[in-house]
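A closer look at the structure
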Amino acid sequence: MEVFTILVVMYWPNILDRPVTDSVMAEFYNGKRLEFSSYDECYNHVQENLESLKQFGKNTFPDAKLVKKILCVRQVGYNT
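Nothing here was measured: the structure is a model prediction, and the numbers come from that model.

Things to note about the overall build of the protein chain
Helix and strand content of the protein chain: two helices and five strands. Overall, the protein chain shows an N-to-C arrangement of helices and strands of β-β-β-β-α-α-β. Residues classed as buried in the protein chain amount to 30% of the 80 residues present. Considering only contacts in the protein chain between residues 6 or more positions apart, those separated by 24 or more positions represent 72%. Only carbon and sulfur atoms are counted for the fraction: they give 51% of the accessible area of the protein chain, which is about 5,600 Å². Each charge sign in the protein chain was given a centre, from 9 positive and 10 negative side chains, and these centres are 6 Å apart.

Here it is in structure tokens:
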């Protein structure tokens, strides 16, 4: 079984300002685990909650200039 989750990648114009980790996994929303059984289901959730996900990224990395991209990624260890 494949399981997908959301990864928010941030952008800093000056590479020297970028921390070692430039992304954050969106694991929960309203107390519910964000895991999707298909890429399409994950993608649809991103489209429906785009502004909230951008704000989540900015709250996590307030020094970042903007959200670079939001990805649906396969979780390692779930694919059988």
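Here's the deal with the state of the cysteines
As used in these notes, a disulfide is a covalent bond between sulfur atoms, one from each of two cysteines. In this structure the tally under the stated criterion is one disulfide. Paired by a disulfide, Cys 42 and Cys 72 hold their sulfur atoms 2.2 Å apart. Here the disulfide of Cys 42 and Cys 72 is left-handed, its torsion about the S-S bond being about -95°. Taken together, the positions of Cys 42 in helix H1 (residues 39–48) and Cys 72 in strand E5 (residues 66–74) put the pair 30 residues apart, joining distant regions of the chain.

Notes on the nonpolar core
Core analysis: the biggest nonpolar cluster contains 16 residues, and Ile 6, Val 8, Met 10, Phe 36, Cys 42 and Phe 61 have the highest contact counts within it. Among the elements of the structure, strand E1 (4–11), strand E2 (23–26), H1 and E5 are those that each provide at least two residues to this core. When residues of this core are assigned to their parent elements, the largest contribution, four residues, is made by E1. Among residues more than four places away in sequence, those in contact with Cys 42 are Phe 4, Thr 5, Ile 6, Phe 36 and Cys 72.

Section: H1
Those residues of H1 not exposed but buried are Cys 42, His 45 and Val 46. Angular distribution of buried residues about the axis of H1 spans 100°; they occupy a single face of the element. The exposed residues of H1 that point more than 90 degrees off its buried face are Asp 40 and Glu 48. Buried positions along H1 lie against E1, helix H2 (50–60) and E5.

Here we look at unusual backbone geometry
Only a minority of non-glycine residues have a phi that is not negative, and only a minority of peptide bonds are not trans. Not every positive phi belongs to a glycine, and Asn 30 is a case in point at roughly 55°. Summarising the element assignment, Asn 30 is placed in the loop between strand E3 (28–29) and strand E4 (32–33). Accessibility expressed as a relative area gives 70% for Asn 30, which makes it exposed.

The rules behind each value
- Residues numbered from 1 in each chain as written.
- Predicted model: local features only at pLDDT ≥ 70, side-chain atom pairs only at ≥ 80, totals over all residues.
- Heavy atoms only, no water.
- Helix = DSSP H or I, 4+ residues; strand = E, 2+ residues; numbered from the N terminus.
- Buried < 20%, exposed > 50% of the residue type's maximum accessible area, 1.4 Å probe, protein only.
- Contact = heavy atoms within 4.5 Å.
- Areas by Shrake-Rupley, 256 points an atom, 1.4 Å probe, with all protein chains shown as cover.
- Lys, Arg positive; Asp, Glu negative; His and termini not counted.
- Charge placed at Lys NZ, Arg CZ, Asp CG, Glu CD.
- Disulfide = S-S within 2.5 Å.
- Core = buried A, V, L, I, M, F, W, Y, C linked by side-chain atoms within 4.5 Å.
- Arc of directions from axis to C-beta.

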